[in-house]
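In case you want the letters, here they are:
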Amino acid sequence: MKLFLREHVLLIGIQLIQCILIPALFWLDGYRGLGVIIYAVFLSVVTLTAYLIYQYISRRNFYHRLQNSIETLDGSMETTEQAPISEALDQLLVSQYRLYLEEIQKAEERQDEHLLFMDRWVHQMKTPLSVIELTAQTLDEPESSSIREETERMRNGLNTVLYMARLRTIAEDFQIKPIRLAKLVHEVNQENKRFFIRNEVYPKLIEKKNDVIVESDEKWLFFLLSQLVHNAVKYSTGKTNQLVISIYIKAGEAVLEVKDFGIGIPVSDQKRVFNKFYTGENGRKYRESTGMGLYLVKEVVARLEHRIELESKVGEGTTVRLIFSQTQNITSM
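In this text the structure is predicted, and so the values were computed from the model without any measurement.

## Some words on the overall build of the chain
Counting secondary structure elements, the chain contains 11 helices and eight strands. Relative to its full complement of 333 residues, the chain shows a buried share of 38%. Excluding contacts between residues fewer than 6 apart, the proportion of contacts in the chain whose partners are at least 24 apart in sequence is 68%. Carbon and sulfur atoms form 57% of the exposed surface of the chain, whose accessible area is close to 20600 Å².

## Quick notes on the sheet that holds strand E6 (residues 307-313)
Pairing within the open sheet is mixed, and its five strands lie in the order E2-E4-E5-E7-E6. Edge positions in the sheet fall to strand E2 (202-207) and E6, since each of these pairs with one other strand and no more. Strand-to-strand, the axes of this sheet are offset by a mean angle of 15°, without reference to chain direction. Where strand E4 (residues 242-250) lies against strand E5 (residues 253-260), eight bridges are found, and the strand directions are antiparallel. In the strand pairing of E5, Val244 is matched with Lys259.

## Focus on a nonpolar patch on the surface
Taken together, the side chains of Ile22, Phe26, Tyr31 and Val36 make up a nonpolar region of the molecular surface, amounting to roughly 380 Å² of accessible area. Structurally, the position occupied by Phe26 is in helix H1 (residues 2-28).

## Brief notes about the packing of helix H5 (residues 143-166) against helix H8 (residues 218-234)
Following both chains from N to C, one finds H5 and H8 inclined at 135°, their axes separated by 12 Å at the closest point. It follows from the interaxial angle that H5 and H8 lie oblique. When you trace H5 past H8, the crossing you get is left-handed. On H8, the residues that touch Asn156, Thr160, Tyr163 and Arg166 of H5 are Lys219, Trp220, Phe223, Gln227 and His230. Classifying every residue of the contact of H5 with H8 by side-chain character gives three nonpolar, four polar and two charged.

## Considering unusual backbone geometry
The backbone of Asp211 sits at a positive phi, close to 50°, despite the residue not being glycine. For Asp211, the location among the structural elements is in the loop between E2 and strand E3 (212-217). The backbone phi angle of Ala251 is positive, close to 55°, even though this residue is not glycine. As for its position among the elements, Ala251 is in the loop between E4 and E5.

## Brief notes about the confidence of the model for the chain
For the chain, per-residue confidence averages 80 on the pLDDT scale, and 82% of positions sit at 70 or higher. A low-confidence stretch, residues 327-333 (pLDDT under 50), is modelled with 23 contacts involving residues beyond four sequence positions or located in other chains.

## Some thoughts on the packing of aromatic side chains
Overall, the coordinates contain two aromatic pairs when judged by the stated rule. Measuring from centroid to centroid gives 6.4 Å for Phe195 and Phe196, while their planes differ by 50°, and the two rings are tilted. With centroids separated by 6.1 Å and ring planes inclined at 85°, the aromatic side chains of Trp220 and Phe223 adopt a geometry described as edge-to-face. Of the two residues, Trp220 and Phe223 both sit in helix H8, three residues apart, roughly one turn of that helix. Neither Trp220 nor Phe223 differs from the other in exposure class; each is buried. Over the aromatic face of Tyr248 sits the side chain of Lys208, whose NZ or CZ is 4.9 Å from the ring centroid.

## What to know about the side chain of Ser226
Here Ser226 shows up in helix H8. With residues up to four places along the chain from it excluded, the contact list for Ser226 reads Val188 and Asn192.

Rules used throughout
- Residues numbered from 1 in each chain as written.
- Predicted model: local features only at pLDDT ≥ 70, side-chain atom pairs only at ≥ 80, totals over all residues.
- Heavy atoms only, no water.
- Helix = DSSP H or I, 4+ residues; strand = E, 2+ residues; numbered from the N terminus.
- Buried < 20%, exposed > 50% of the residue type's maximum accessible area, 1.4 Å probe, protein only.
- Contact = heavy atoms within 4.5 Å.
- Areas by Shrake-Rupley, 256 points an atom, 1.4 Å probe, with all protein chains shown as cover.
- Pairing = 2+ DSSP bridges.
- Axes fitted to C-alpha atoms, helices over the stretch in contact; angles between N-to-C directions.
- Patch = residues over 30% accessible without salt bridge, like charges linked within 9 Å, V, L, I, M, F, W, Y side chains within 5 Å.
- Salt bridge = Lys/Arg side-chain N within 4 Å of Asp/Glu carboxyl O.
- Parallel < 35°, antiparallel > 145°, perpendicular 65-115°, else oblique.
- Left-handed = near helix turned anticlockwise from the far one by under 90°.
- Nonpolar A, V, L, I, M, F, W, Y, C, P; charged D, E, K, R; others polar.
- pLDDT = per-residue confidence, 0-100.
- Phe/Tyr/Trp six-rings, centres within 6.5 Å; stacked < 30°, edge-to-face > 60°.
- Lys NZ or Arg CZ within 6 Å of the ring centre and 35° of its normal.

Here's what the structure looks like:
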């Protein structure tokens, strides 16, 4: 209604001015028929009112559509009245919708090409890294360990790039199946064995409930746990040599907990550690921090429909929990 009045305010104003000017002109010309003048003004106002009412009723849906935002893309395809201006609006929205779809398709094609390039590039880079690692084994210490340490950092960085690129299409990459958490933890620990030894931080697995099985994607869950373990080790170095990974059931939900006893996270940073590129106070001390690890963890957890909790205290350590809410799929054997 407000939009309708705003559109016709000039017409209403002109009509009211005419209702004053025309009778005034006849009055100044010597015509003194006051009753006829009032009747003429009355007819003019009634005619204007009838016209405005007709316009509003016939175009009510049109104005309603202009005033309310479109909640879905399919809303652009809806039609209003058969009035020319309504049909013109419908055609405009349809053409914009088609143009939008074309632009989206082009953007998706570019992103798919970028993803394919990143995927192939990462795998191509892993080959020379493997060759460098094999060559380093023939060297004497400490050169051999230094080279393997750097190649491992490069490999972890490449994996982060690869998973970041795949994050957009994660829904198409799901393979949900039963996963035994203890087995997954052992695989992650085995994969990072040299990383633990180099940093002198060693994991300890505590199964408060034996053989807990959850429904999830094994590859992405492996990535999640690896990220949490790397963070725990990185921020434990120099503080303690212990890292505790616990598996238990709480309130009918399976919990995979990674606890370190390192430097901890300041309270001011705890609400932002999952933000993209946020490194916080600890990140400024540890220059290797990219601010992407926990962001990727949060995004993947959300896509897998799990939950994540973080508790930390400066000087005492950090605890991160992955909570699997599919209670009907959790079994104890």
